[in-house]
Amino acid sequence: MHRVPIVRRKPLWLAAFALCALAGSVSAQQTPQAPVEQGSIDWRKANDEVSQFKRGHADVLKWESVNDNGQSSQPYTPPDTWIKSADEAVRQAWRTRPELIGPLSQLGVENRERIAQGRWLEVDPAVRRRVEDFDTVMDVAADARKAWVTAVAASLTLKQQRDMQEATAAAAELARRMVRVGNWSRMEQAQWQAKLGKTKLQTLKAEIEAKQAQTALLKATKLWGVFSTVGLADAMPDMPQQALSPAALQQGLSALRNVQPRAESLKTGPNAQLAFDIYNASYQATQVSKDELTLQQFINDEVVLRYNGMLLSVWDLLTQTNELLQAQIGAINAQRDFLIAETDLQLVLQGGAPTSFVSLGGAGGESAAAK
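Residues numbered from 1 in each chain as written. Predicted model: local features only at pLDDT ≥ 70, side-chain atom pairs only at ≥ 80, totals over all residues. Heavy atoms only, no water.

## Topic: the overall build of the chain
Then comes step 1: Per the secondary structure count, the chain includes 11 helices and 2 strands.
Then comes step 2: Listing every helix and strand of the chain by position from the N terminus yields α-α-α-β-α-α-α-α-α-β-α-α-α.
Then comes step 3: Burial status across the chain gives 48% buried among its 371 residues.
Then comes step 4: Within the chain, contacts between residues separated by at least 24 positions form 79% of all contacts whose residues are at least 6 apart in sequence.
Then comes step 5: Counting every atom, the chain has about 18800 Å² of accessible surface; 53% of that belongs to carbon and sulfur. (Helix = DSSP H or I, 4+ residues; strand = E, 2+ residues; numbered from the N terminus. Buried < 20%, exposed > 50% of the residue type's maximum accessible area, 1.4 Å probe, protein only. Contact = heavy atoms within 4.5 Å. Areas by Shrake-Rupley, 256 points an atom, 1.4 Å probe, with all protein chains shown as cover.)

## Details of the packing of aromatic side chains
Then comes step 1: Tallying each qualifying case throughout the model produces 5 aromatic pairs.
Then comes step 2: Each ring, one from W184 and one from W315, has its centre 4.4 Å from the other, and the planes form 20 degrees; the classification is stacked. With W184 in the loop between α7 (134-180) and α8 (186-220) and W315 in helix α11 (residues 314-348), the pair connects residues that are 131 residues apart, well separated along the chain. Across this residue pair, the class does not change: W184 and W315 are buried.
Then comes step 3: By the ring-pair criterion, three or more aromatic residues cluster together here, those being F276, Y279, Y283 and F338.
Then comes step 4: K84 extends its terminal NZ or CZ atom over the ring of W82, reaching a point 5.0 Å from the ring centre. (Phe/Tyr/Trp six-rings, centres within 6.5 Å; stacked < 30°, edge-to-face > 60°. Lys NZ or Arg CZ within 6 Å of the ring centre and 35° of its normal.)

## Examining unusual backbone geometry
Then comes step 1: Phi is positive for D133, which is not a glycine, with a value near 55 degrees.
Then comes step 2: Within the fold, D133 resides in the loop between α6 (109-116) and α7.

## Describing the packing of helix α9 (residues 246-257) against helix α10 (residues 262-308)
Then comes step 1: One can describe the packing of α9 onto α10 by two numbers: an axis separation of 11 Å at closest approach and a directional angle of 160 degrees. What the angle tells us is that α9 and α10 run roughly antiparallel. The two elements α9 and α10 meet at a crossing, and its hand is right-handed. On α10, the residues that touch P246, L249, L253, L256 and R257 of α9 are S265, T268, A272 and F276.
Then comes step 2: In terms of residue class, the contact of α9 with α10 is made up of 6 nonpolar, 2 polar and 1 charged. (Axes fitted to C-alpha atoms, helices over the stretch in contact; angles between N-to-C directions. Parallel < 35°, antiparallel > 145°, perpendicular 65-115°, else oblique. Left-handed = near helix turned anticlockwise from the far one by under 90°. Nonpolar A, V, L, I, M, F, W, Y, C, P; charged D, E, K, R; others polar.)

## Here's the deal with the confidence of the model for the chain
Then comes step 1: In the predicted model, the chain carries a mean pLDDT of 82, and 77% of its residues have values of at least 70.
Then comes step 2: Helix α3 (residues 57-67) is the least confidently modelled element of the chain, averaging 42 in pLDDT, while helix α4 (residues 86-95) averages 98, the highest of any element.
Then comes step 3: Here residues 4-13 is a poorly scored stretch, pLDDT under 50, and it has 28 contacts once near neighbours within four places are set aside; other chains count.
Then comes step 4: Predicted confidence for residues 364-371 stays below pLDDT 50, and this span has 26 contacts to residues more than four positions away or in other chains. (pLDDT = per-residue confidence, 0-100.)

## Re the environment of S105
Then comes step 1: Looking at where S105 falls in the secondary structure, it is placed in helix α5 (residues 101-107).
Then comes step 2: By relative accessible area, S105 is classed as exposed at 53%.
Then comes step 3: On a C-alpha basis, the gap between S105 and V131 in space is 8.9 Å, while along the polypeptide they are 26 residues apart.

## Overview of α11
Then comes step 1: Taking 1.5 Å per residue, 35 residues should reach 51 Å; α11 reaches 52 Å between its end C-alpha atoms and fits that length.
Then comes step 2: The buried fraction of α11 amounts to 28 of the 35 residues, a majority that puts the element mostly inside the structure. (Expected span 1.5 Å × (residues − 1).)

## A closer look at the pattern of salt bridges
Then comes step 1: Under the defined criterion, the tally for this structure stands at 13 salt bridges.
Then comes step 2: With a closest N to O distance of 3.6 Å, R145 and D87 form a salt bridge. Note that R145 is positioned in helix α7 and D87 in helix α4, a separation of 58 residues in sequence.
Then comes step 3: Overall, R145 belongs to the buried group, its relative accessible area being 12%.
Then comes step 4: A salt bridge links R119 to E122, with the nearest nitrogen and oxygen atoms 2.4 Å apart.
Then comes step 5: Judged by its relative accessible area of 29%, R119 is partly exposed.
Then comes step 6: When salt bridges with common partners are traced through the structure, they connect E110, R114, R119 and E122 into a single cluster. (Salt bridge = Lys/Arg side-chain N within 4 Å of Asp/Glu carboxyl O.)

## Quick word on the nonpolar core
Then comes step 1: By size, the foremost hydrophobic cluster in this structure holds 63 residues, and its most contacted members are W94, L107, I115, W148, L217 and L345.
Then comes step 2: Counting only elements with at least two residues in this core, the list comes to α4, α5, α6, α7, α8, α9, α10 and α11.
Then comes step 3: It is α7 that provides the largest number of residues to this core, a total of 16 residues.
Then comes step 4: Counting 14 residues, the second-largest nonpolar core is a separate cluster that includes V303, Y307, V314 and L318. (Core = buried A, V, L, I, M, F, W, Y, C linked by side-chain atoms within 4.5 Å.)

## Section: the side chain of Q296
Then comes step 1: When you line up the elements, Q296 lands in helix α10.
Then comes step 2: A polar atom in the side chain of Q296 sits 3.0 Å from the side chain of Q320.
Then comes step 3: Non-local contacts of Q296, meaning those with residues more than four positions away in its chain, are made with Q320, E323, L324 and A327. (Polar contact = N/O pair within 3.5 Å; in protein donor to acceptor, adjacent residues only side chain to side chain.)

This is the structure:
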């Protein structure tokens, strides 16, 4: 199993911004000079000015924290309840439906655990013959699982988006200081201010999507009205090392034909092929996004090295930070789409029919629970 790597360390641009903020404050005490072109700032001189601090950048960060007039961190508010895994979401959804007590009992402990853990292909389709309301059990499990995956992805995306806004705000503030000391034009400042406005809109959108996804999860588990916020995992679930093969698909369909009427079996065939195509496409998308994230991480590391060597400016570092964060968001969304597509395919191979299939790259994955 592998997990899409998500960088969680403190953004590297903080040190860069602290350095340049200090340089800007020092320059502000001097006579303003004529505007110069972007990228022509003497970054070596700026670094040299920091040498007055005994511990270098560590003292700069301390200085910036003392002199920062920005927004203070929001106090931590614990969620009303926790659902840390998709398994918990499925079990919670079952518990809040008394009508499923009988069917779940008929399933047996082993089959219940296989379904709760998302190992549906290990459940013999013949079980549906002896379990009443088997389809309802599976539909509830599918909705809860997809709602949980969507909520986790939305939560992680929001965190990355907020980091992106913080980085862009740092750039906009630095641009303001550069204009103040006469090193930049107002047009250049306006360009970064416009980027900040766009990023703020994206953050607002991410906040709404995260809230909607949490609401959908609470509704899928029938906790809506009891709780208003839910704590989630801080990472997406593991991905399979290999995708399901066409042979495994046909084996699953063959087992299902033995317990389905012919008319249902014919309908299941097209659903299964569509679900399998989307499943394959979403799996490939996770590989592409993983490669993109690896490349962006490499580029980011190289940019940091060149910045530390004063070969690149803070603007290069801030721009690359945003590129890395965008790649992380792409990886999260690709993994979300795959996990939803995987659930849909497994549901079809148990005789179910998703109300809709995932739209790759769509907000929330267009899961039934999200709708």
